Amino acid sequence: MFQRTRKVECPECSGSSFWKSNPKPTDVLQCCYCQAVIATYEEYVERAAKQEAERLLAEYVETDISRDLAHLKAVLAQPGERANA
């Protein structure tokens, strides 16, 4: 489903750490540089799912519809150029 890397940036030192093999939901990832606890695998998956959902919504949801409304008004104002369905 997700084509995402398992690379996680440490909030303490900004070093990159990786989940290896198939972790359990309760497995904890520690930074390989400063040994700080980064997250459990369950937290990591939830965060990744939330970020993916936000990315998809941002891709398909237009926050400024004024351009779309202007285009719609222009098309409706010229009925001869609309496709007859």
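A brief structural summary.

Reading the values: the criteria
- Residues numbered from 1 in each chain as written.
- Predicted model: local features only at pLDDT ≥ 70, side-chain atom pairs only at ≥ 80, totals over all residues.
- Heavy atoms only, no water.
- Core = buried A, V, L, I, M, F, W, Y, C linked by side-chain atoms within 4.5 Å.
- Buried < 20%, exposed > 50% of the residue type's maximum accessible area, 1.4 Å probe, protein only.
- Helix = DSSP H or I, 4+ residues; strand = E, 2+ residues; numbered from the N terminus.
- Contact = heavy atoms within 4.5 Å.
- Phe/Tyr/Trp six-rings, centres within 6.5 Å; stacked < 30°, edge-to-face > 60°.

1. Some thoughts on the nonpolar core
One recurring pattern in soluble globular proteins: nonpolar side chains tend to sit buried together.
Moving on, step 1. Counting residues in hydrophobic clusters, the biggest one holds 10 residues: Val8, Cys10, Trp19, Leu29, Cys31, Ala36, Ile38, Ala39, Tyr41 and Tyr44.
Moving on, step 2. For this core, the secondary structure elements donating two or more residues are strand S4 (37-40) and helix H1 (41-60).
Moving on, step 3. With residues up to four places along the chain from it excluded, the contact list for tryptophan 19 reads Arg6, Val8, Asp27, Val28, Leu29, Ala39, Thr40, Tyr41 and Tyr44.

2. Comments concerning the packing of aromatic side chains
Moving on, step 1. Within the structure shown, the criterion is met by 3 aromatic pairs.
Moving on, step 2. Considering the side-chain rings of tryptophan 19 and tyrosine 41, the 5.0 Å spacing of their centres and the 75° angle between planes classify their relative orientation as edge-to-face. Here tryptophan 19 is found in the loop between strand S2 (16-18) and strand S3 (28-30), whereas its partner tyrosine 41 is found in helix H1, with 22 residues between them in sequence.
Moving on, step 3. Given the relative accessible area of 8%, tryptophan 19 is considered buried.
Moving on, step 4. Here tyrosine 41 falls in the buried class, since its relative accessible area comes to 14%.
Moving on, step 5. Between the aromatic rings of tyrosine 41 and tyrosine 44, the centroid separation amounts to 5.7 Å while the plane-to-plane angle is 35°, which identifies the pairing as tilted. Of this pair, tyrosine 41 and tyrosine 44 both sit in helix H1, 3 residues apart, which is roughly one turn of the helix.

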